[in-house]
Amino acid sequence: MELDDLKHALTIVDRRLERTHALQLDFHKTSTVDRVRASLRPLMWGHIGQVALGLAVALAVGPFWWLHRAQLNLMAAGIALHVYAVLMIALGARVLVLLHTLDLAEPVVAIQKRLAKLDRSYLTTSLAVGLPWWLLWLPLLMVLSGVDLVSRAPTTWLLASLGIGVVGIAGTLFWSWRRIGPDYGSRADRAGVANSVRNAQRLLEQIARFERG
Amino acid sequence: MASTKSSDRDERFSALFERHRGIVFKVANTYCRNSADRDDLAQEIATQSWRAFDKFDSSRAFSTWMYRIALNVAISFARSRRLRERYTVTLDEDYDVADASDGGDEADDRARLLHQFIEELDQFDRALLLLYLDEHSYHDIAGVLGITETNVATKIGRLKERFAKRFSAT
């Protein structure tokens, strides 16, 4: 039997199912089964929250470092937080634009690639937003207290804090890399971000193979 | 004025959708095995198509446009379902509804073979197979999937070989 022999089979199956499932399709149904949008909703709300938080931080620290222009360390602390806030806004807005401009009528490979990259970006964005806090806690304390902790604290303490921050960043990156590896992960992890990223990565590999031919 | 425009839009969409309604069922049947999932998916395809209709370029073929939406929705649907269900649903009894006018036993056998083969394919090869069996040109298939015509031809050749090897005794 040849593959072409199945062409008629497709028509028969469809005719049978149309007959047995007289489905009334309601175009206006605001669907409880809008799975495409529903699956993207956590991503969307997460990034809306990120943009909102970024705006709040930027508005709070902007005046601070401007007012403390004469105190170099306090100004630097304020600017560091301001730059971080702007990055948060930019990363969050980028994802929101990608989500908003998603057009399901685009070719299949292009859309599925974009959806998989959006899923994968969840971990990248989480790292970009979370990692800096291994170091940013100090500027935050300075901004909140208005005290130049850099000049007042002992040098050894500052160096130790910086060292811990760098080790923390490296450790977090390594742990994240292990989580998305194929052989790692507890039962709890399988339901979490790591699993989502692994699945997204697998889909991207599948798409790449399909595109290659 | 706005409500007249809106009802014109609904009428145009309904007319086009009804003419190509078969696409919804073909895609839903290809990606779902039980009737509840098929109905779910068919409804979502209809809703997403209606929502996207404002961007439809009427100088282009509606069937191609609708196939893209249907397949994108179906593949996303299948992904989210696969993450929840870690088992394969065996042949659904719905497929065994026979009718003398459908060609009888031979037709049943071919329908089973079709679904057996589909089950073995990944989401993208399923889309390719469906478009091929629905007698779309390589050019149209390439346009829907977003790959080159050469790639389409190569993949169809491989599917034919795979099918022949798999079901050679049939």
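Residues numbered from 1 in each chain as written. Chains lettered and ligands numbered in written order. Predicted model: local features only at pLDDT ≥ 70, side-chain atom pairs only at ≥ 80, totals over all residues. Heavy atoms only, no water.

**With respect to the overall build of chain B**
Stage number 1. Counting secondary structure elements, chain B contains 8 helices and 0 strands.
Stage number 2. Shown N-terminal to C-terminal, the secondary structure of chain B runs as helices and strands in the order α-α-α-α-α-α-α-α.
Stage number 3. Among the 170 residues that make up chain B, the fraction classed as buried is 53%.
Stage number 4. Contacts spanning at least 24 positions in sequence make up 69% of the contacts within chain B whose residues lie at least 6 apart.
Stage number 5. When the accessible surface of chain B is totalled, it reaches about 8000 Å², and 49% of it is carbon and sulfur. (Helix = DSSP H or I, 4+ residues; strand = E, 2+ residues; numbered from the N terminus. Buried < 20%, exposed > 50% of the residue type's maximum accessible area, 1.4 Å probe, protein only. Contact = heavy atoms within 4.5 Å. Areas by Shrake-Rupley, 256 points an atom, 1.4 Å probe, with all protein chains shown as cover.)

**Points about the packing of helix α3 (residues 72–100) of chain A against helix α5 (residues 133–145) of chain A**
All names here are of chain A.
Stage number 1. One can describe the packing of α3 onto α5 by two numbers: an axis separation of 9 Å at closest approach and a directional angle of 125 degrees. On the basis of the axis angle, α3 is oblique to α5. Read as a crossing pair, α3 and α5 show a hand that is left-handed. On the side of α3, the interface is formed by N73, L74, A77, G78, A80, L81 and Y84, while α5 contributes W133, L136, P139, L140, M142 and V143.
Stage number 2. When the residues that make up the contact of α3 with α5 are grouped by side-chain class, the tally is 11 nonpolar, 2 polar and no charged. (Axes fitted to C-alpha atoms, helices over the stretch in contact; angles between N-to-C directions. Parallel < 35°, antiparallel > 145°, perpendicular 65-115°, else oblique. Left-handed = near helix turned anticlockwise from the far one by under 90°. Nonpolar A, V, L, I, M, F, W, Y, C, P; charged D, E, K, R; others polar.)

**Remarks on the packing of helix α6 (residues 123–133) of chain B against helix α8 (residues 149–166) of chain B**
Residues and elements named next belong to chain B.
Stage number 1. The interhelical angle for the contact between α6 and α8, taken along N-to-C directions, is 90 degrees, at an axis separation of 11 Å. Relative to α8, the element α6 is oriented roughly perpendicular. Contact residues: D125, L128, L129 and Y132 in α6; V152, K155, I156, L159 and K160 in α8.
Stage number 2. Partitioned by chemical class, the residues of the contact of α6 with α8 number 6 nonpolar, no polar and 3 charged.

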